[in-house]
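Listed below are the residues making up each chain.
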Amino acid sequence: YLIARLFAGPKAGCKALLLCVFNPLSYGLVGWPYTATASLPFFMGLLYFGLLLYRYAMREKRLLPACGCSAGLAFCSVVGGLLRPTTFIPLIALTIAGVFYLRRDEMLWKRLLAAGAAFCIIGAGIFVSFHAAVQKYAPDTSRNFPMTYWIMMGLQGDGQLIPEAGDLTKSYETKEEKTEAN
């Protein structure tokens with residue numbers, strides 16, 4: 001809705017909203033695992049804040065709102081990337097588009113450099129804060145599956161989940177034992 005309203009006006013935004021509300025796929029995704037459904041708002045947030053950054057930094061030449069958009073980009077990319085790495089796809093696309101726009105406007109370098117610095121600083125702060133919270137509230141990672149478990153699962157047949165392999169990995173206490181077993 002917001003992206004359509006931003007670029008095509010309120011009428012187009014309402015049409016996009018109606019399309020989303022009455023789209024049966026929206027309701028079919030509700031039962032899908034968290035990595036798909038929970039990462040979609042962050043995926044769209046990256047597009048929205050990236051397009052706003054384009055508007056403020058490139059068209060309206062305003063630095064402070066561009067840095068605010070960078071904060072939104074940082075939040076959506078860090079949180080969405082921790083949920084599902086495919087959330088970074090719009091960020092890559094926006095970066096490539098930004099390179100092409102830099103060729104058209106030489107003064108754009110300064111505005112995008114400031115917005116990029118804000119993105120990096122805020123993104124690093126969010127990332128560090130998230131990991132500090134994980135260490136504070138969930139310090140015991142011995143119950144987690146090591147990376148070798150997922151590699152082992154991918155190398156077996158067609159990569160489907162095999163409950164016996166999970167039971168085998170769960171039967172060991174430490175991460176080192178689980179890694180060795182897999």
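The text that follows walks through the structure, step by step, so that each part is easy to find. Keep in mind it's a predicted model, so treat the numbers as computed, not measured.

Cut-offs used in this document
- Residues numbered from 1 in each chain as written.
- Predicted model: local features only at pLDDT ≥ 70, side-chain atom pairs only at ≥ 80, totals over all residues.
- Heavy atoms only, no water.
- Helix = DSSP H or I, 4+ residues; strand = E, 2+ residues; numbered from the N terminus.
- Rg over C-alpha atoms; globule rule 2.2 N^0.38 Å.
- Buried < 20%, exposed > 50% of the residue type's maximum accessible area, 1.4 Å probe, protein only.
- Contact = heavy atoms within 4.5 Å.
- Areas by Shrake-Rupley, 256 points an atom, 1.4 Å probe, with all protein chains shown as cover.
- Phe/Tyr/Trp six-rings, centres within 6.5 Å; stacked < 30°, edge-to-face > 60°.
- Axes fitted to C-alpha atoms, helices over the stretch in contact; angles between N-to-C directions.
- Parallel < 35°, antiparallel > 145°, perpendicular 65-115°, else oblique.
- Left-handed = near helix turned anticlockwise from the far one by under 90°.
- Nonpolar A, V, L, I, M, F, W, Y, C, P; charged D, E, K, R; others polar.
- Arc of directions from axis to C-beta.
- Core = buried A, V, L, I, M, F, W, Y, C linked by side-chain atoms within 4.5 Å.

Remarks on the overall build of the chain
Check the secondary structure of the chain and you find 11 helices and zero strands. The N-to-C order of helical and strand elements in the chain reads α-α-α-α-α-α-α-α-α-α-α. Computed over the C-alpha atoms, the radius of gyration of the chain is 21 Å, more than 25% above the 16 Å expected from 2.2 N^0.38 for a compact globule of 182 residues. Considered along the principal axes of its C-alpha atoms, the chain spans approximately 60 × 40 × 30 Å. Each of the 182 residues in the chain was classed as buried or not, and the buried ones make up 26%. Taking as baseline every contact in the chain between residues at least 6 positions apart, the subset at least 24 positions apart corresponds to 63%. Put simply, the chain shows about 12200 Å² of open surface, and 69% of that area lies on carbon and sulfur atoms.

A look at the packing of aromatic side chains
Applying the stated criterion to the full structure yields two aromatic pairs. Arranged with centres 6.1 Å apart and planes meeting at 55°, the rings of phenylalanine 42 and phenylalanine 75 form a pair that is tilted. Taken as a pair, phenylalanine 42 in helix H5 (residues 40–59) and phenylalanine 75 in helix H6 (residues 63–83) lie far apart in primary sequence, 33 residues in all.

Describing the environment of arginine 5
Its place among the elements puts arginine 5 in helix H1 (residues 2–8). Its relative accessible area of 40% is what places arginine 5 among the partly exposed residues. The spacing of arginine 5 and alanine 57 is 52 residues in sequence and 19 Å in space, taken between C-alpha atoms.

A closer look at the packing of helix H7 (residues 89–102) against helix H8 (residues 108–137)
At their nearest, the axes of H7 and H8 sit 11 Å apart, and the two run at 160° to each other. On the basis of the axis angle, H7 is roughly antiparallel to H8. In the packing of H7 onto H8, the handedness of the crossing is left-handed. Residues Leu91, Tyr101 and Leu102 of H7 pack against Leu108, Trp109, Leu112 and Phe119 of H8. Looking at the contact of H7 with H8 residue by residue, the classes come out as seven nonpolar, no polar and no charged.

Thoughts on helix H10 (residues 163–170)
When H10 is considered as a whole, its buried residues turn out to be Ala165, Gly166 and Thr169. Taken down its axis, H10 places every buried residue within 100° of arc, on the same side. Of the residues in H10, the exposed ones pointing more than 90 degrees away from the buried face are Pro163, Glu164 and Lys170. The inward-facing, buried residues of H10 contact helix H9 (147–155) and helix H11 (175–181).

Digging into the environment of leucine 113
Along the chain, leucine 113 turns up in helix H8. Separated by 103 residues in the primary sequence, leucine 113 and proline 10 place their C-alpha atoms 32 Å from one another.

Let's talk about the side chain of serine 70
As for its position among the elements, serine 70 is in helix H6. In this structure serine 70 comes out as buried when scored by relative accessible area, which is 1%. Each residue touching serine 70, except ones within four places of it in the same chain, is listed here: Leu53, Ala115, Gly116, Ala118 and Phe119.

Re the nonpolar core
Among the nonpolar cores identified, the biggest contains 19 residues, and Leu52, Leu53, Ala57, Leu108 and Leu112 are the most heavily contacted of them. When residues of this core are traced back to their parent elements, those giving at least two are H5, H6, H7 and H8. In terms of residue count, the dominant contributor to this core is H5 (nine residues). Leave out the neighbours within four places in its chain, and leucine 53 touches Met58, Ala66, Cys69, Ser70, Leu73, Leu112 and Ala115.

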